[in-house]
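Coordinates in review
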Amino acid sequence: MGGNYTQPRFILLGITNTPWAQAPLFVLFLLIYIVTLVGNIGLMVLVWVAPSLHTPMYFFLTHFSLADVCYSTVISPKMLTDLLFGDKTISWLGCVTQFHLFALFVTAECHLLAVMAYDRHVAICHPLSYVLVVSPRACWQLVAWCYLVASLSALLYTGCTFGGSFCGPNHVDHFFCDASPVLRLACSDTRGCEAAIFTLAAANGLGTSVVILLSYGRILHAVLGTSSAPSRARVFRTCASHLASVAVFYGSLFFMYLQPASRHGSRDKVASVLYTVVSPMLNPFIYSLRNREVKAALGRVLIHRNTKGFVTAQPWRRKFPLGMDDFGSSSLKRRPALVLELKSTSSISLAKSRKFSLPIP
């Protein structure tokens, strides 16, 4: 990032310049940020303290919640300060840091969404090989891959965005330092940087979205062939809520980063609010709090009951750590041979469940 430092500070124009709207927006976004922190941090703590949730699905969800908390915290506090005090200046280094961390955690979230979809696909479509395919080592490797790709991508995004010269206007027409509004302030030619950002965003966004769509497509195909009508309805509701969250997140990202720079305008701020503020708030409710396993674990924690006996009550369920209640567990009941095999190997499953437990960071 060998840019020209002749412009040491930027001024964020914010969401709106209307004076009477500042206070209501501050209250609204403050409440959203508090709900985001409580929901995501609460989920991480619950997974940590509930042994029944020490499974790959919730291991990935903790990292997903961590990414939500991190990139929301990178954006929201500065935005709230600007709305409350009106001082919208940000240093060059602060702008670079904000954008780099934002790009890192948003890219990590895209890849974590793909990993979570793959985890559900294996659990539903290949349940007997789930323990072998999604082993503890594989879980750590998948998460490490997500953060590695995100780190490299964030370095490239940041280098392309701030690698030029800034010697003209310093007013960033946004509520945080994003690539497109910052590049509009550069004095040097930015066409190459814009093309590089577009290509990298397309590779990360389209690649992970294809994995998600294929995984959910296979899940729906498997459930349609084996489940009862009530179970299919439950699976459709669950998949629909997950895909709705993915559609909001990816739709707003694609709108921001997969369109020509000349078409960016005031609507960019609305799209940015969706994936930087709204999506992190909704994700804990969509992915976890609607799940029966999470509700049961939360109930046991709240009433101070010991959860050690939960695994031994139905040890064969540990082969399906996805939360099968939400993805058609009744389909197993329609396959007696499979249920018999699982019950006959309950001791093996229990042994694997101990080995399967993952340390949640």
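In this text, all values refer to a predicted model and were calculated from it rather than measured experimentally. (Residues numbered from 1 in each chain as written. Predicted model: local features only at pLDDT ≥ 70, side-chain atom pairs only at ≥ 80, totals over all residues. Heavy atoms only, no water.)

1. Description of the sheet that holds strand β3 (residues 171–172)
We count it as follows: A pair of strands is labelled paired if DSSP reports no fewer than 2 bridges between them. Labels follow the DSSP assignment, with helices taken as runs of H or I lasting at least four residues and strands as runs of E lasting at least two, numbered in each case from the N terminus.
One open sheet accounts for three strands, arranged β2-β1-β3; its pairing is mixed. A strand with exactly one partner marks an edge of an open sheet, and here the two such strands are β2 (89–91) and β3.

2. Considering the pattern of salt bridges
Using the following cut-off: Definition used for salt bridges: Asp or Glu carboxyl oxygen within 4 Å of a side-chain nitrogen of Lys or Arg. Exposure is judged per residue with a 1.4 Å probe applied to protein chains only, and the accessible area is read against the type maximum: over 50% gives exposed, under 20% gives buried, and values in between give partly exposed.
Considering all chains together, one arrives at three salt bridges under this definition. Here Asp 82 ties to Lys 78 by a salt bridge, and the two come within 3.1 Å at their closest N and O atoms. Taken together, the residues Asp 82 and Lys 78, both in helix α2 (residues 56–85) and four residues apart, mark about one turn of the helix. Two residues, Asp 173 and Lys 269, come together in a salt bridge whose shortest N-O distance is 3.1 Å. Highlighted residues: Asp 173 in the loop between β3 and α6 (179–183) and Lys 269 in helix α9 (residues 267–289), separated in sequence by 96 residues. You can call Asp 173 partly exposed: its relative accessible area is 36%.

3. Here we look at the state of the cysteines
Let me state the cut-off plainly: Any pair of cysteine sulfurs within 2.5 Å is marked as a disulfide.
Under the counting rule described, the total for this entry stands at one disulfide. With a sulfur-sulfur separation of 1.9 Å, Cys 95 is cross-linked through a disulfide to Cys 177. Every disulfide takes its handedness from the sign of the S-S torsion; for Cys 95 and Cys 177 that torsion is -120 degrees, giving left-handed. Linking Cys 95 in helix α3 (residues 92–125) with Cys 177 in the loop between β3 and α6, this pair joins segments that are 82 residues apart in sequence. Classification of Cys 95 as buried rests on a relative accessible area of 0%.

4. Some remarks on the environment of Val 131
Counting through the fold element by element, Val 131 comes out in helix α4 (residues 130–133). For Val 131, a relative accessible area of 11% puts it in the buried group.

5. Some details on the environment of Ala 202
Formally: Should any heavy atoms of two residues lie within 4.5 Å, those residues are counted as being in contact.
Looking at the secondary structure, you find Ala 202 in helix α7 (residues 191–226). Taking the C-alpha atoms as reference points, Ala 202 and Phe 254, 52 residues apart in sequence, are found 8.2 Å from one another. Leaving out residues up to four positions away in the same chain, Ala 202 has contacts with Gly 207 and Leu 258.

6. Structural notes on the packing of aromatic side chains
Where two aromatic rings form a pair, the distance of their centres and the angle of their planes describe that pair. Applied cut-off: Aromatic rings from Phe, Tyr and Trp, taking only the six-membered ring of Trp, are treated as a pair when their centres fall within 6.5 Å; an angle between ring planes under 30 degrees marks them as stacked, one over 60 as edge-to-face, and anything in between as tilted.
With the rule as written, the count across this model stands at 13 aromatic pairs. Ring centres 5.6 Å apart and planes at 90 degrees place the aromatic pair Phe 249 and Tyr 250 in the edge-to-face group. Across the pair, exposure class does not vary: Phe 249 and Tyr 250 are buried alike. The structure contains a cluster of three or more aromatic residues connected by ring pairs, namely Tyr 71, Phe 102, Phe 175, Phe 176, Tyr 257 and Tyr 275.

7. Some words on the confidence of the model for the protein chain
What counts, and what does not: Summary of the metric used: pLDDT quantifies the predictor's per-residue confidence within the range 0 to 100.
Of the residues in the protein chain, 79% have a pLDDT of 70 or more, and the chain-wide mean is 79. When the elements of the protein chain are averaged for pLDDT, helix α13 (residues 336–344) gives the smallest value, 34, and helix α5 (residues 136–162) the largest, 95. Under a pLDDT of 50 for its full length, residues 1–5 has, in the predicted model, eleven contacts with residues more than four places off or in other chains. Confidence over residues 307–361 falls short of pLDDT 50; this stretch has 116 contacts with residues more than four positions distant or in other chains.

8. Concerning α2
Worth spelling out the cut-off: Helix span, expected: 1.5 Å multiplied by one less than the number of residues in the helix. At any given residue, the bend is defined as the angle formed between two axes, one fitted to the seven residues that end at that position and one fitted to the seven that begin there.
Compared with the 44 Å implied by 1.5 Å per residue over 30 residues, the 44 Å span of α2 between its first and last C-alpha is a close match. Considering bend angle alone, the principal kink of α2 is centred on Thr 73 and spans about 35 degrees; proline Pro 77 follows within four residues of it. A large share of α2 lies buried, amounting to 23 of its 30 residues. Two residues or fewer after α2 comes Gly 86, characterised by a positive phi angle close to 80 degrees.

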